[in-house]
Amino acid sequence: MRGDEQLKVQPPDGIDDESRRKTSTQMKRARWNYFFRMLKDPATNQIPHGIREKELAFARTLRRTFRGIEDTLFTWTEVGPTDVGGRTRALTVDVANSNIIMAGGVSGGIWKSTDGGESWVTKSDPSQSLSVTSLAQDIRPGHTSTWYYTTGEFVGNSASDLGKRSPFFGTGLYKSIDNGETWEQVPDPWGRNPTSWDSPLDFVSRIVISPTTGSVFLASNGIGVYRSTDQGNTFDLVLGGINDHFYTDVVVGFQGKLAAVLSQFGHNSDPVHTPGVYRSVDDGDEWTDITPASFPDSHERSVIALAPSNPDILYVLTFTGDIDDNERDDVRFHKINVSTEVFEDRSNNLPDFGDEGFVHTQHNYNMVLAVKPDDEDFVMIGATSLFRSRDGFATKSQDIYDTWIGGYESGNAPNHYPNLHPDQHVIVFDPADAKRVWIGHDGGLSVASNITASSSSTFFFPWINKNNGYNVVQYYTIAISDEPDDQRIMGGTQDNGTPFFTWDGNDTGPSRDMSSGDGGFAYLGDEFAYSSSHNGRVLRLDYDRSGHPSFAAGWTAVTPEGAQDRLFITPFAVDPNDEEVMYYAAGNTLWRNDQLSAIPQGKDSTSVGWSPLTNIAIPSDYLLSAMRVSRYNPKHLLYYGASSSVGPPKLYRLEEAHTATEGEEDISIGDTPAGAYVHDIAVNPVDGNEILVVLSNYNIVGLYHSSDGGRLYESVEGNLTGSGEKPGPSLRSAAILPVTQGVIYLLATSTGVYSTMELDGANTLWKQEGEKELGNVVAARIEARTSDGGAVVGTHGRGVFMGTLNTALHAGLPSTFSLGHNFPNPFNRATSIPYHLPKPAHVKLTIYNVKGQTVASLVEEFKLAGSHVTFWDAKNVSSSVYFYRMATTDFSETRKCILVK
């Protein structure tokens, strides 16, 4: 391991190459399929077009309905992680002040730093779409307070792809005239219809502003280059044609010269402009085709960069669309003199160091190109990894460490490079310092103070992590401990593994990745923690002296050997009543382990303790997609759901699941559509027979309640059921939280978190939680604990939020444990015994005679916080002195009573 003072804690080498690599086309496809199954409308087998904008409109309707009504049940606080960013395509440094940086997460909104990236503040309204794809500042003197950003990620957005996997549309163009403090949507000149792809503003990959004229240029997917000469109010198509080119890029030099490229992919048989490379010297009025003769005839996406010190020099990086048998992208690279049209094909000089040491664009998902402002030969190429050349790739470098400076670790590709995450999307040089460069990637933001610095086999290139509160992490799952006031938080994320961190009510601690890759489900137990990564690899993690999961303290893989057909995000569940037991979903097979602690330290899958429950029947064309275990009344009750594209979802319950090998009960919900996806099953922690079943697809009824363990269901989606042009959100996860005053039901959805304390079938009223804090961000997973009433939500784009029960729901709770005096005393036949709990606890209340023998057991169950009373009917015992004793984990007390008959 090469030395670097800013090296973050990494999972140990060799943890698992397949799990830790995030680069293969198969992995991207698996992720897309996961989201597609989860979100598609079963009736059309498509994710509805324009669904994001339509569901936000529906959410606004709900807010108007509840405006002025009582406060919500929780107070919500953004808690982190503060040192992990997320997928970032937009980044710009203020030309007037290099301490001001603007950045945008693809689902996390606009962020601003005024101290060089030491801290960040979100500037987006959480009720709006948080898609940001490109940023630009008007750098003309007197105009530097004007900024623009674009929306609509055409390739790579979670839950999107071409064809039947509909991309998430953008919501247009946004503008700030106060240096990024506030942003307003620019009216769409085309009158956008969110139900169809009918506006050039639906998907914009790049925005640039001419430094000489102030004209605004957009690279619009599917069309070409648009220009506005009136600050974005109106636009004209100046290059390309409607439905002619899926991919476009445009750049402008300091002298106002323009260059653009139009893809051959997606063009019609008679395009307005033929695919290729173009230049303009008159602000986009006229364009000259300068496509090199060696340019590939078939080409998908290209990105371009002009050399700031010589605006005649243009570099073009092209993905042809072809992939060889080794899953390597066919990538070409050209240098062009835009004035003389002299070109060089330098494709053969692109880096190729094996592993991830080549230009791997992941089918054009990550492609970026930049030239150092004062050196036309200093070129940077970003794909999964980051490369630099000091001669514009005129020669093929043999120096792996000087060339390969980010993304995956040079020389040891499964590892992430310190402080520069894989998948590069944007490179920005500081306008005041040509050596200082910022990078936006799938892990957020990084900066180098001197991009020309050396790097060697003993020294990593010195990147600095600048995610200091830039919280745009995309979570799949989230987990907290059941212990009250426990500060530990862990959850699986897209691209950033499974961050573990703490939050003490005020401050967030540093994070450490507990899985790598795409993180999956997680669990914080008494003896061990468990994390997982994409495709179902599960790790058992020991705790260090601080009680934090740690690879250094000890770890092992516990994935069942032989498990097949695992989902991209594979569910597992640890039995909270017996943490030796884990249930694991693999295709249509349920696996169980009953000796987790016996698995020896190691790095591979294991057969120790695992058994496939082959006598439990799940149809062969179904995949297990959700599972939960009851905690009390009864214990060991496993609920699990299976989903299929050919039939309606299946639901089952298995009693005494920690030992049973058969006897599952089919509790499937009637009248659910084929293709619907069971995404979560919430279980009441004090009543194992009460459940909420969450189906996550659009345009279906997605929420069902049962109070008898699934024998009878009632739809309780209530006012979250939309229709027509205002469809309801995708429902993702639920939690049931008993409190002294009743039961709180929490629901995480694609438009935020909602709550209710009264389920009333189709009339159930769900009220939005955290309107100002959470807003309508995609809430992927929610968990709650009875021990202190805390809730946690992992969002897909804005990190983690903690919810604290409002004081009204805590009113009147006892301050300490206590056992009261029975009444009456002495008593004739029956007496009442009061007891008080400041927090939920398992209570045992027992009657003893003077010999210490048990006479009666009055209470032995989990009880909520509050004041309780139980009764002893002593009709079958004789007159005497008796003792009654209450015991919990934290308290015990004994009192005397006298029976006189």
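Description of the structure in this document. Keep in mind it's a predicted model, so treat the numbers as computed, not measured. (Residues numbered from 1 in each chain as written. Predicted model: local features only at pLDDT ≥ 70, side-chain atom pairs only at ≥ 80, totals over all residues. Heavy atoms only, no water.)

1. Observations regarding the overall build of the protein chain
Now for step 1: Scanning the protein chain from N- to C-terminus turns up four helices and 63 strands.
Now for step 2: Since a compact globule built from 901 residues should have a radius of gyration of about 29 Å, the 30 Å found for the protein chain is in line with a globular shape.
Now for step 3: Projected onto its principal axes, the C-alpha positions of the protein chain cover 115 × 55 × 50 Å.
Now for step 4: Split into buried and exposed, the 901 residues of the protein chain put 62% on the buried side.
Now for step 5: Within the protein chain, contacts between residues at least 6 apart in sequence are counted, and of these 58% link residues at least 24 apart. (Helix = DSSP H or I, 4+ residues; strand = E, 2+ residues; numbered from the N terminus. Rg over C-alpha atoms; globule rule 2.2 N^0.38 Å. Buried < 20%, exposed > 50% of the residue type's maximum accessible area, 1.4 Å probe, protein only. Contact = heavy atoms within 4.5 Å.)

2. Here we look at the nonpolar core
Now for step 1: Counting residues in each nonpolar core, the largest one holds 30 residues, and the members touching the most others are Y34, Y530, V538, F572, M582 and Y584.
Now for step 2: Contributions of two or more residues to this core are made by α2 (25-39), β34 (519-524), β38 (572-574) and β39 (582-586).
Now for step 3: No other element matches α2, which puts six residues into this core.
Now for step 4: Residues A305, I313, V331 and I400 belong to the second largest nonpolar core, which totals 22 residues. (Core = buried A, V, L, I, M, F, W, Y, C linked by side-chain atoms within 4.5 Å.)

3. As for the sheet that holds strand β42 (residues 623-629)
Now for step 1: Within the open sheet, the four strands sit side by side as β42-β43-β44-β45. Their pairing is antiparallel. Looking at which strands have only one partner, the edges of the open sheet turn out to be β42 and β45 (665-666).
Now for step 2: Inspection of the sheet shows strand β43 (residues 638-643) paired to strand β44 (residues 650-654) by five bridges, in the antiparallel sense. Residue pairing for β44: A642 is matched across the bridge by K650. (Pairing = 2+ DSSP bridges.)

4. Examining the sheet that holds strand β7 (residues 147-150)
Now for step 1: Within the open sheet, the four strands sit side by side as β6-β7-β8-β9. Their pairing is antiparallel. Both outer strands of the open sheet, β6 (134-137) and β9 (184-186), are each paired with one neighbouring strand and no more. Neighbouring strand axes in the sheet, compared pairwise and without regard to direction, differ in orientation by 30 degrees on average.
Now for step 2: Across three bridges, β7 lies against strand β8 (residues 173-176) in antiparallel orientation. Pairing of W147 across the sheet is with S176, part of β8. (Axes fitted to C-alpha atoms, helices over the stretch in contact; angles between N-to-C directions.)

5. Quick word on the pattern of salt bridges
Now for step 1: Under the defined criterion, the tally for this structure stands at 38 salt bridges.
Now for step 2: For R87, the salt bridge is made with E153, and the minimal N-O distance between the two is 3.0 Å. With R87 in the loop between β1 (74-80) and β2 (88-93) and E153 in the loop between β7 and β8, the pair connects residues that are 66 residues apart, well separated along the chain.
Now for step 3: On the basis of relative accessibility, which here comes to 1%, the residue R87 falls in the buried class.
Now for step 4: Looking at E153, the relative accessible area reads 2%, which means it is buried.
Now for step 5: A salt bridge links R328 to D352; its shortest N-O distance comes to 2.8 Å. (Salt bridge = Lys/Arg side-chain N within 4 Å of Asp/Glu carboxyl O.)

6. What to know about unusual backbone geometry
Now for step 1: Here the amide bond leading from F823 into P824 is cis, since omega sits at -10 degrees, within 30 degrees of zero.
Now for step 2: Counting through the fold element by element, P824 comes out in the loop between β57 (818-819) and β58 (830-837).
Now for step 3: Cis peptide bonds are those with omega within 30 degrees of zero, and the linkage from N825 to P826 qualifies with 0 degrees.
Now for step 4: Along the chain, the position of P826 falls in the loop between β57 and β58.
Now for step 5: The backbone of D495 shows a phi angle near 75 degrees, a positive value even though the residue is not glycine.
Now for step 6: With respect to the helices, strands and loops of the structure, D495 is situated in the loop between β31 (488-490) and β32 (499-502).
Now for step 7: Judged by its relative accessible area of 1%, D495 is buried.

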